[in-house]
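So the chains spell out like this:
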Amino acid sequence: MTPLYRMRPLKYRAIWISDVHLGYKGCKADYLLDFLRSTECDYLFLVGDIIDLWSMKRMMYWPQEHNNVIRTILGKAKHGTKVIYIPGNHDEQFRDYAGMTFGNLQIHEEYEYKTADGRHVLMLHGDKYDTVMKCGWLTELVGNLSYDFLLYINRMLGHVRNKFGFSYWSLSSYIKNRVKNAVKHIRDFEEIVASDAQRHGYDVVICGHIHSADIRMIDKVLYCNDGDWVEHCTALVEKHDGTIELIHWSDRQHALKDQSEELEKVPQVA
Ligand SMILES: [Mn+2]
């Protein structure tokens, strides 16, 4: 990976990240470390599911890079970045500490913020809307299995059903339907979050939880989701003029890698 942090850091007023899932094997800690080392900000908002305590209860997993992420964040706090931690459902134990301040690090359940251009922002993790949405366990399970594997199961199931004289039942179309439902689930979530924020008079709402980064107007509210660092490596940033943007760090890394490969091709003049 191109060590971007050796270049001049990208400066932002605020950065939002969530769904990092430290302590879980799927966490892309190396990308996140690179992102944190390549950026500087006045405010760093951790919008939940930073440490995956659920996963750690199942299996203890804590490599050095995960430690480095924590140390880098605390290092930023030490050097003047205001760090606001809003626990999510995977790290809900930290909600007991809501309202507490540890130097430059504060813990809150939800947090209000004003952008440089004066917009009122509400931030929250988003899991509180789960009960309203009734997310099925199957949607979650399906999300974790690969499509090829499901097709394989489908064939096996077909043989078995055939043997016992049952008619053919397509698991894949069932799954496709489920995926459609998952998409609907995301849309429902976005709309509930945005409409609730609008009802309370906010201009912008920033959340995480569903691992689906986005930034768009929903009715009169700017809905922002900072995505995750398990699959997508995304973050939201506020520039010094108040504009909020979505960053895909892995795409950026690939682009830089291509660039540096191009540069390597250029003959060096001594
Ligand atoms: Mn969550």
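All values derive from a computational prediction rather than experimental measurement.

Considering the nonpolar core
Grouped together as the largest cluster of nonpolar side chains are 51 residues, with contacts concentrated most on I15, V205 and I206. Looking at which element gives the most residues to this core, the answer is strand 1 (residues 10-17), with 5 residues. The residues contacting I206, other than those within four sequence positions of it, are W16, V47, V121, M123, C224, D226 and L236.

So, the sheet that holds strand 9 (residues 214-218)
Read from one edge to the other, the open sheet built from 5 strands follows the order 6-7-8-10-9, with strand pairing classed as mixed. Each edge of the open sheet is held by one strand with a lone partner, namely strand 6 (111-114) and strand 9. Sheet twist, expressed as the average angle between the axes of neighbouring strands with direction ignored, equals 20°. Pairing of strand 8 (residues 204-207) with strand 10 (residues 221-225) involves 4 bridges; the strand directions are parallel. The residue bridging V205 from the neighbouring strand is Y223, located in strand 10.

Here we look at the sheet that holds strand 2 (residues 39-46)
One open sheet accounts for 7 strands, arranged 4-5-3-2-1-11-12; its pairing is mixed. In the strand order of this sheet, the two ends are held by strand 4 (101-102) and strand 12 (244-248), each with one partner. Where strand 3 (residues 82-85) meets strand 5 (residues 105-107), 3 bridges bridge the pair, whose relative direction is parallel. When the bridges of strand 5 are listed, Y85 appears paired with I107. On top of the sheet, helix 3 (residues 64-78) reaches strand 2, strand 3 and strand 5; it is set at about 130° to strand 3, its chief contact.

About the cut-offs
- Residues numbered from 1 in each chain as written.
- Predicted model: local features only at pLDDT ≥ 70, side-chain atom pairs only at ≥ 80, totals over all residues.
- Core = buried A, V, L, I, M, F, W, Y, C linked by C-beta atoms within 7 Å.
- Buried ≥ 20, exposed ≤ 12 C-beta atoms within 10 Å, placed from the backbone.
- Helix = DSSP H or I, 4+ residues; strand = E, 2+ residues; numbered from the N terminus.
- Contact = placed C-beta atoms within 7 Å.
- Pairing = 2+ DSSP bridges.
- Axes fitted to C-alpha atoms, helices over the stretch in contact; angles between N-to-C directions.

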